[in-house]
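Notes for the structure review
Spelled out, the chains give:
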Amino acid sequence: MRVAIAEFFHETCTFCPDPTTIELLEPHVRRGQAILDHLTGGYMHGYKQALDEVQAELVPLLEAGGAPGPYTSWLDTACFDKYTDEIVAGLREAGEVDGVLLSLHGAMAVQGVPKPEAEIVRRVRQAVGDKPIIVTLDLHANEDAELTDVADAVFVIKTYPHLDTEQTGYAAARCLIDTIQGRFQPRQALRKPGIISASIYQATDYPPVRTLLERCREWEKQDKVRWVAVAPGFAYADVPDVGLSVIAVTNGDQALADKIAQDVSDLAWSLRESFCQPLPNPQEAVAEALALIRQGQRPVVLADGADRTGDSTHMLQELLNQGVKNFAIPGIADPVVAKQLEATAQVGDKVKVSVGGWASEFSGAPVEISGVIEFMGRPKYTLVGPMGKGRQVQDGLVIRLNLGYNNHVVISERMRGANDSAGFTAVGIDVDSLDVVVLKDRVHHRAFWDTVAKADIKVDAPGIGVADLSTLHYDNVPDDIYPIGRKWHKEEVR
Ligand SMILES: [Zn+2]
């Protein structure tokens, strides 16, 4: 058995400023054997495990898009064509294969290509004819039936924080093997109830998504049912197929797949209001955190999910306004200030700088802070939490200022997250000493921080990744998508 595998993966934030180009992606692309040599978890590692079990020959074609991270905007068409056509050319050169596994994110947005993942599969289909093509997707995928019409089966991950990418890759590859060997006849259905939601509402351990996934698990108990999943979608892409989708994969039973997908989709529609519950603004969130700390509930995480550029100052300003002590912000992106400090100051110096608030209209104003430089450098550290455990992170230039009162702000050359404690200890912050941890993240951090923090307060700060989607301007989404489509506009309802 010969199976070709490829990954072309991008979560495109179309509200972010910088286009995604070949120049940006190419340094991180792998081809051929190098892909297999560097696999450390993830979808393709799952493919390989399943294929190795049956001694299948792997034909690794391409791994593109994993870096430079999810915060770049529209791919230009040259970039999309280059990597898609490279997969197709690789297939033609490889000769006969028995099937293809494609790791696609599902929220790629491309100038001039309205449904990129469906287009990738269409081009692959031209190369392999009726050989089975099975696709895996992130649950932030924005897809519609154009994809399920052209792929034999589509497997969406079931966890956010995303802890099951390898497991899902394995399941998809098992399904492909069974299909090639004639034991499985993929029949699938996709339904879209017409709901768009901010990522911060999509954690799979909490309602409403948990409720939907529990219904999926019930359906999966049936013999013919292989995979039922919900992709809540990615709201920060202004694309026509944006929003929640349900995909059910069965063995040979189209009617059953249709019934399941419709059932879960109807359930999602009935829960639509819980995908957009109002959240506290920065002022309210900081007050809420202080009230918890007074009751001995510490540390508290303030999750500013809106900041997708890393330079937002809304939380910093509010923490200073309310006189909070023992707080840490592990990254305010400001390359100009970081480099200026590197050139003019050293550890132990007391400095005054104006940081952040430069990348977008949503970032807030720069904030003046003064403090002692307690760390300056480009640390390398190993992740310790469930998300990416064991993975090495190489920071750009980071400088930690101690502002007094055990308050710490890390000025970073680029956006810097901290989904576990390693990003804090790498710059000398004692996590145990903190009352407030500010994270520029929505859900991934909870895999670690829910085990440490007494509370996780989701904040509705201004930003490109905002919780209140009505503050973003969309041109391409359907008129009836809840809650932001024109049909639901308050002016029109009134
Ligand atoms: Zn995702």
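The residue count restarts for each chain, going from 1 along the sequence in the order it is written. With the structure being a predicted model, the display of local features is reserved for residues of pLDDT at least 70 and the display and counting of side-chain atom pairs for 80 or more, all residues being used for whole-chain, interface and lining totals.

**Comments concerning the overall build of the chain**
Using the following cut-off: In this text, helices come from DSSP runs of H or I with a minimum length of four residues, and strands from runs of E with a minimum of two, each type numbered from the N-terminal end. Every radius of gyration here is taken over C-alpha atoms, with the globule rule written as 2.2 Å times N^0.38, N being the number of residues. Buried means a residue has 20 or more other C-beta atoms within 10 Å of its own C-beta, exposed means 12 or fewer, and partly exposed covers the counts in between; C-beta atoms are placed from the backbone.
For the chain, the count of helices and strands is 15 helices and 21 strands. Against the compact-globule benchmark of 23 Å for 494 residues, the chain has a radius of gyration of 23 Å, which places it among compact chains. With the C-alpha coordinates of the chain rotated into their principal frame, the extents come out at 70 × 55 × 40 Å. Looking at the chain as a whole, 52% of its 494 residues are labelled buried.

**Description of the sheet that holds strand β6 (residues 99–104)**
The following threshold applies: We call two strands paired when DSSP finds no fewer than two bridges between them. By the convention adopted here, residues are in contact when the distance between their C-beta atoms, placed from the backbone, does not exceed 7 Å. What counts as an axis is a line fitted to C-alpha atoms, over the stretch in contact for a helix, and the angles between N-to-C directions run from 0 to 180 degrees.
A sheet is described by the order of its strands in space; here six strands give the open sequence β3-β4-β1-β6-β7-β8, paired in mixed fashion. Strands with a single pairing partner mark the edges of an open sheet, and in this sheet they are β3 (30–31) and β8 (153–156). Bridging between β6 and strand β7 (residues 133–137) involves four bridges; their strand directions are parallel. From the neighbouring strand, S103 faces β7, where its bridge partner is T136. Set on the sheet, helix α3 (residues 43–53) makes contact with β1 (2–8), β4 (57–64), β6 and β7; between it and β1 the angle comes to about 170°. Across the sheet, helix α7 (residues 165–180) touches β1, β6, β7 and β8, and the angle it forms with β6 is around 160°.

**Digging into the environment of N251**
If you trace the backbone, N251 turns up in strand β11 (residues 245–251). A sequence separation of 64 residues divides N251 from R187, and the C-alpha atoms of the two residues are 6.0 Å apart. Other than its neighbours up to four places away in sequence, N251 contacts F184, Q185, K224 and R226.

**Details of the domain arrangement of the chain**
The condition that has to hold: These domain limits were set by an automatic method or by a database of domain assignments. Put simply, Ala, Val, Leu, Ile, Met, Phe, Trp, Tyr, Cys and Pro go in the nonpolar bin, Asp, Glu, Lys and Arg in the charged bin, and everything else, Gly too, in the polar bin.
Structurally, the chain comprises domain 1 (2–275) and domain 2 (282–463). Taken together, the contact pairs eleven residues of domain 1 with 15 residues of domain 2. Taken together, the residues of the side of domain 1 that touches domain 2 sort by class into nine nonpolar, two polar and no charged.

**Examining helix α12 (residues 335–344)**
Here is the rule: Arc definition: directions from the helix axis to the C-beta atoms.
Taken as a whole, α12 has its buried residues at V337, A338 and L341. Take α12 and look down its axis: the buried residues cluster within an arc of 100°, on one side only. Residues of α12 that are exposed and point more than 90 degrees away from the buried face comprise V336, A343 and T344. Buried-residue contacts for α12 involve β14 (350–355), β18 (398–404) and β19 (407–412).

**So, the sheet that holds strand β20 (residues 436–439)**
Adjacent strands of a sheet form backbone hydrogen bonds with each other and so pair up, either parallel or antiparallel. Strand order in the open sheet formed by eight strands is β14-β15-β18-β19-β13-β20-β12-β21, with mixed pairing between adjacent strands. This sheet does not close on itself; its edge strands, each paired only once, are β14 and β21 (455–459). Geometrically, the sheet is characterised by an average inter-axis angle of 30° between neighbouring strands, direction not taken into account. Both β14 and strand β15 (residues 367–377) contribute to a ladder of six bridges, which runs antiparallel. Counterpart to V353 in the pairing with β15 is I369. Running over the sheet, helix α11 (residues 314–321) touches β12 (300–304), β13 (327–333), β15, β19, β20 and β21 and is turned about 145° from β13. Sitting on the sheet, α12 touches β14, β15, β18 and β19, and the angle it makes with β14 is about 160°.

**A look at the pairing of β11**
Within β11, six of the seven residues are buried, which leaves it mostly tucked inside the rest of the structure. Note that strand β9 (residues 186–191) and β11 share six bridges and pair antiparallel. Of the residues in β11, the one forming a bridge with P186 is N251. Two strands pair when backbone bridges link them, and strand β10 (residues 225–231) and β11 are joined in this way by six bridges, in the antiparallel orientation. Its bridge partner lying in β11, V230 is registered against V246.

**Let's talk about unusual backbone geometry**
Across residues other than glycine, the phi torsion is negative in most instances, and most of the peptide bonds are trans. Of note, the amide linkage connecting P207 to P208 takes the cis form, showing an omega dihedral of 5°. With respect to the element layout, P208 can be found in the loop between β9 and α8 (209–220). With an omega of 0°, the peptide bond running from Y482 to P483 counts as cis. We note that Q55 has phi near 50°; this positive angle belongs to a residue other than glycine. By secondary structure assignment, the location of Q55 is in the loop between α3 and β4. Overall, Q55 belongs to the exposed group, with 7 C-beta atoms counted inside 10 Å. One non-glycine residue, Y405, adopts positive backbone phi at about 55°. Here Y405 shows up in the loop between β18 and β19. Note on Y405: 11 C-beta atoms within 10 Å, which makes it exposed.

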